[in-house]
Amino acid sequence: MSSIPEAVVSSVKSLGLNGSSAHTNGTLGDVVVKNICCVGAGYVGGPTAAVVAFQNPHIRVTVVDRDETRIRRWNSKHPPIYEPGLRDIVRIARDGGRQASFASKPEAEGQDATVQDRPANLFFTTDVGKSISEADIVLVAVNTPTKYRGVGAGSATDMTAFEAVTGVVAQYAREGAIIVEKSTVPCRTAQLVADTLSMHRPGVHFEILSNPEFLAAGTAVGDLLYPDRILIGSAPTESGKKAAEALVKVYASWVSRERILTTNVWSSELAKLVANSMLAQRISSINSISAVCEQTGADVDEVAKAVGVDPRIGNKFLVAGIGFGGSCFKKDVLNLVYLADTMGLPEVGEYWRQVVKMNEYARDRFTNRIIKCLNNTLVGKKVTILGFAFKKNTSDTREAPALEMIKTLLEERPREIAVFDPCCNPLVVKEEIKLLLGPVADQGNIHVYGNAIDACNNSTAVVIATEFDEFRNQPAPTPAPVAAGAPVAKMLGRKPNPKADPRPFVNPSVPTENDFLALHKHLVQLDGQDNDDPLDRYNVEPDCPEDCPDCKQYRESKDTGFATGMGSAEEYKPRERIDWVHIADHMAKPRWVFDGRGVIDSREMEKLGVRVESVGRQHRF
Ligand SMILES: NC(=O)c1ccc[n+]([C@@H]2O[C@H](COP(=O)([O-])OP(=O)(O)OC[C@H]3O[C@@H](n4cnc5c(N)ncnc54)[C@H](O)[C@@H]3O)[C@@H](O)[C@H]2O)c1
Ligand SMILES: O=c1ccn([C@@H]2O[C@H](COP(=O)(O)OP(=O)(O)O[C@H]3O[C@H](CO)[C@@H](O)[C@H](O)[C@H]3O)[C@@H](O)[C@H]2O)c(=O)[nH]1
């Protein structure tokens, strides 16, 4: 407690955050968690709740959302979001798992090890009030976008959804329930939550924790199963620490205690904003250097490699390109900017604002380069955009650079803008483009395809907007080999190598759900027989609603080219690269490829008679 400033302690105490919990044994006994309610069934709430339930079969986890369609889809075989590996976790937690037997060692005969059956403990519902009223812990994981109107428009956080949920929590939560900020919120939001709760429920005490989420789209399941850290901020009071400990225990079912950091609430809230801002800053830094490379003849990949080998700098997040997209980086940097501005720190605000400006500069500079290479006119030309999601292996398209690029390219009146994304359902992308671009999208020259060949057929220019491995024309960088015997990797807290058999498990008498999952993945890949359930553990999945867009896409086209509805056999197979020889052959001359994501080996591509323009490298012609 001595490391926590007195001002923080007294501010927290003054919020009434130091009351006792109704679920403690006496005032300060251990909190027993049997029910968790997660409000918000989105990209964070859905996967996080699924993993918490998967790892804690003794806890009932209910995910609630006001969006009926989302809930219906979570209760079907086609969840509303695609994340590699998510479906396997949802199937066990939501539908229950059957007892299964298998050999306890690789190569061994027989079935001497058993995984017990488990009942379903993950539920999705729209009954928000009831679910909150039954919860010992309420995770609030609703959207917190940037305000687009009113005071602070363009940088302040829009707290409408978060505030609305706080009001409902105040109305329904049982006395002593622990309220957890899972959403990314401005620093000192816990104070607002406390004010709302005490206004609606005077005299009733709740503990409020900050537990920001660090998962990234496309790797959410791995990030949740093997997190770098779990951050939990609490009031520096005894009951605040008890509440934090209750949440620590939920995570400790599968995360080692050294990786669970506990801090005061404000540090936790602020650390989330700082983590994202510093990651975004690295991307903007390398993108600023890419502009210098294009002028000087230096190659940005070579520069990034040369600086990244210095362990003080590190080699991650140094891939230059058309800038970061996604629902988080821009809004979280702007959240920090607004915080600094409103605290009378304009120099700090301006420093971070540059990160966002540089990001827009990177995207617009590359789009203008495309137009310039095509003689400043797109009239009569077809331009293909490969990749619509904001990054690879996700169907999340929020703030995707591709959309802004399409907007700019449309101004040049092309004959057609063709779009293909290997993870997105074309029907959904069509709707999104319509919604986001408004009437310009209705002019009939934007087409979304289910495969790359048709999308690129007869195109003058192919633009790579997302770093999917499928678009590479050279092998993807191979991760360092992991010796057979994944337990070693697991002991270090790293993800097991799916190619190595995880057996025998570290503790053969008490295998974990992570062990079974690793074995499942290994067997699926080994099997090669399209068997989604090699351990024979799954129950039947519920059917989809009539309007399921994935079922519709399957019905309308066999050649779907999107991954949302995949089973694990299909999902864990390495995806096929697109056929650049065929594509080059069927492009209109002069054939151009604009590589906005550093996935193309330009020398190989030039052998096919294609001109290549890449970020951070000089024009070769
Ligand atoms: N997407 C990510 O990768 C990511 C990662 C880390 C943190 N975050 C943070 O997590 C939070 C959630 O992000 P997301 O991407 O999951 O958002 P999302 O938009 O995918 O999901 C939010 C859900 O909350 C629901 N909701 C809104 N108001 C509600 C209400 N009053 N009652 C019930 N449900 C309500 C919405 O219907 C929606 O389904 C944000 O603060 C975000 O910054 C996101
Ligand atoms: O070297 C790089 C790395 C990434 N990107 C781009 O940056 C964006 C964001 O990528 P990434 O951070 O991998 O995905 P997000 O899902 O946005 O995850 C970030 O935002 C989440 C939401 O807050 C956090 O939880 C994660 O820790 C944080 O990485 C994508 O458009 C990438 O293409 C680059 O341009 N160059």
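Residues numbered from 1 in each chain as written. Chains lettered and ligands numbered in written order. Predicted model: local features only at pLDDT ≥ 70, side-chain atom pairs only at ≥ 80, totals over all residues.

Before going further, it helps to spend a moment on the overall build of the chain. In terms of helices and strands, the chain carries 22 helices and 16 strands. Per-residue burial for the chain yields a buried fraction of 46% across its 621 residues. Sequence-distant contacts, at least 24 apart, represent 73% of the contacts inside the chain between residues at least 6 apart. (Helix = DSSP H or I, 4+ residues; strand = E, 2+ residues; numbered from the N terminus. Buried ≥ 20, exposed ≤ 12 C-beta atoms within 10 Å, placed from the backbone. Contact = placed C-beta atoms within 7 Å.)

This paragraph deals with the nonpolar core. By size, the foremost hydrophobic cluster in this structure holds 145 residues, and its most contacted members are V138, I179, L247, V419 and V463. Discounting chain neighbours no more than four positions away, the residues touching I179 are V138, V140, V169, A173, V193, F206 and I208. If you look at the next biggest cluster of nonpolar residues, it comprises eight residues, including A100, F516, L517 and A518. (Core = buried A, V, L, I, M, F, W, Y, C linked by C-beta atoms within 7 Å.)

Counting buried positions along strand β9 (residues 230-234) yields five of five residues, so the element is predominantly enclosed. Side-chain alternation along β9 places I230, I232 and S234 on one buried face and L231 and G233 on a second face that is also buried. Across five bridges, the pairing between β9 and strand β10 (residues 260-264) is parallel. Each residue of the ladder has a partner; that of I230, found in β10, is I260. In terms of handedness, the path from β9 via helix α9 (residues 238-252) over to β10 forms a crossover that is right-handed. (Pairing = 2+ DSSP bridges. Right-handed = clockwise from strand over helix to strand, strands pointing away.)

Taken together, 26 residues form the shell around ligand 1, and within it G40, G42, A161, S183 and T184 come nearest. At three residues, the largest contribution of residues to the shell around ligand 1 is made by helix α6 (residues 160-172). Classifying every residue of the shell around ligand 1 by side-chain character gives 13 nonpolar, eight polar and five charged. (Near = placed C-beta within 6 Å. Nonpolar A, V, L, I, M, F, W, Y, C, P; charged D, E, K, R; others polar.)

Let us look at the site of ligand 2. Every one of the 21 residues lining ligand 2 counts as a neighbour, but A216, V319, F324, G326 and C328 are closest to it. Here the shell around ligand 2 gets three residues from one element, more than from any other, and that element is helix α10 (residues 265-296). Looking at the shell around ligand 2, its residues break down into 13 nonpolar, five polar and three charged. Each of domain 1 (6-27 + 35-75 + 123-265) and domain 3 (374-475 + 579-621) contributes no fewer than three residues to the shell around ligand 2. (Domains from an automatic or database assignment.)

It is worth spelling out the UniProt feature "active site" (unreviewed entry) in the chain at this point. Per the UniProt entry, the sites bearing "active site" (unreviewed entry) are C328 in this numbering. Residue position: C328 is located in the loop between α11 (300-308) and α12 (329-342). Among residues more than four places away in sequence, those in contact with C328 are T184 and N276. (UniProt positions renumbered as here; feature names shortened; annotations may be inferred.)

All right, on to the domain arrangement of the chain then. The domain boundaries assigned to the chain delineate domain 1 (6-27 + 35-75 + 123-265), domain 2 (76-122 + 478-559 + 568-574) and domain 3 (374-475 + 579-621). A breakdown of the residues in the side of domain 2 that touches domain 3 according to their chemical character gives four nonpolar, two polar and four charged.

Attention now goes to helix α15 (residues 426-437). Under the 1.5 Å per step criterion, the end-to-end length of α15 is 16 Å for 12 residues, consistent within 8% with the ideal 16 Å. Turning to α15, its buried residues are P426, V428, V429 and I433. For α15, the arc enclosing every buried residue in end-on projection is 150°, short of the 170-degree limit, so these residues lie on one face. (Expected span 1.5 Å × (residues − 1). Arc of directions from axis to C-beta.)

Our focus in this paragraph is the environment of K589. Position of K589 among the secondary structure elements: in the loop between α21 (580-585) and β15 (592-595). Measuring from C-alpha to C-alpha, the distance between K589 and G609 comes to 9.4 Å, with 20 residues separating the pair along the chain.

Along the chain, the position of P574 falls in the loop between α20 (568-571) and α21. Each C-alpha atom, one on P574 and one on E470, is 9.2 Å from the other, the two residues being 104 residues apart in sequence.

Turning our eyes to something else, we now look at the packing of α12 against helix α13 (residues 346-373). The geometry of α12 relative to α13 is characterised by a closest axis approach of 7 Å and an angle of 165° between their N-to-C directions. It follows that α12 is roughly antiparallel to α13 by the angle criterion. As for the relative orientation of α12 and α13, their crossing is left-handed in sense. Across from K330, V333, L334, L336, V337, A340 and D341 in α12, the residues of α13 making contact are P346, V348, G349, W352, R353, V355 and V356. Broken down by class, the residue content of the contact of α12 with α13 amounts to 10 nonpolar, one polar and three charged. (Axes fitted to C-alpha atoms, helices over the stretch in contact; angles between N-to-C directions. Parallel < 35°, antiparallel > 145°, perpendicular 65-115°, else oblique. Left-handed = near helix turned anticlockwise from the far one by under 90°.)

On to the packing of α6 against helix α7 (residues 189-200), then. In contact at an axis separation of 9 Å, α6 and α7 are set at 40° when each is read in the N-to-C sense. As the angle between them shows, α6 and α7 are arranged oblique. As for the relative orientation of α6 and α7, their crossing is right-handed in sense. On α7, the residues touching T166, G167, A170 and Q171 of α6 are V193, T196, L197 and H200.

A separate point is α6. Counted at 1.5 Å a residue, the expected span for α6 with its 13 residues is 18 Å, and the 19 Å between its end C-alpha atoms agrees. All of the buried residues along α6 are F162, V165, T166 and V169. The buried residues of α6 all sit within an arc of 105° when viewed along its axis, so they share a single face. Where α6 is buried, its residues touch β1 (35-39), α5 (128-133), β6 (137-140), β7 (178-181) and α7.

With that settled, consider the sheet that holds strand β14 (residues 461-464). A sheet is described by the order of its strands in space; here six strands give the open sequence β13-β12-β11-β14-β15-β16, paired in parallel fashion. Each end of this open sheet is capped by a strand with a single partner; those strands are β13 (446-449) and β16 (611-614). Across the sheet, the axes of successive neighbouring strands diverge by a mean angle of 20°, strand direction being ignored. Bridging between strand β12 (residues 416-420) and β13 involves four bridges; their strand directions are parallel. Residue pairing across strands places A418 opposite H447, the latter belonging to β13. Strands β11 (382-386), β12 and β14 of the sheet are contacted by helix α14 (residues 401-410), whose axis makes an angle of about 175° with β11. Where α15 meets the sheet, it contacts β12 and β13, and its direction lies at approximately 155° from that of β13.

So, about unusual backbone geometry. Residue P504 is bonded to the preceding R503 through a cis peptide linkage, with omega at -10°. For P504, the position within the fold is in the loop between α17 (487-491) and α18 (513-527). Its identity is not glycine, yet D536 carries a phi of approximately 55°, on the positive side.

With that settled, consider the confidence of the model for the chain. On average, residues of the chain score 89 in pLDDT, and 89% of them reach the 70 mark or higher. Counted against residues more than four places away or in other chains, residues 1-28, with its pLDDT under 50, gives 57 contacts. Both confidence scores are given for the complex: pTM 0.93, ipTM 0.99. (pLDDT = per-residue confidence, 0-100.)

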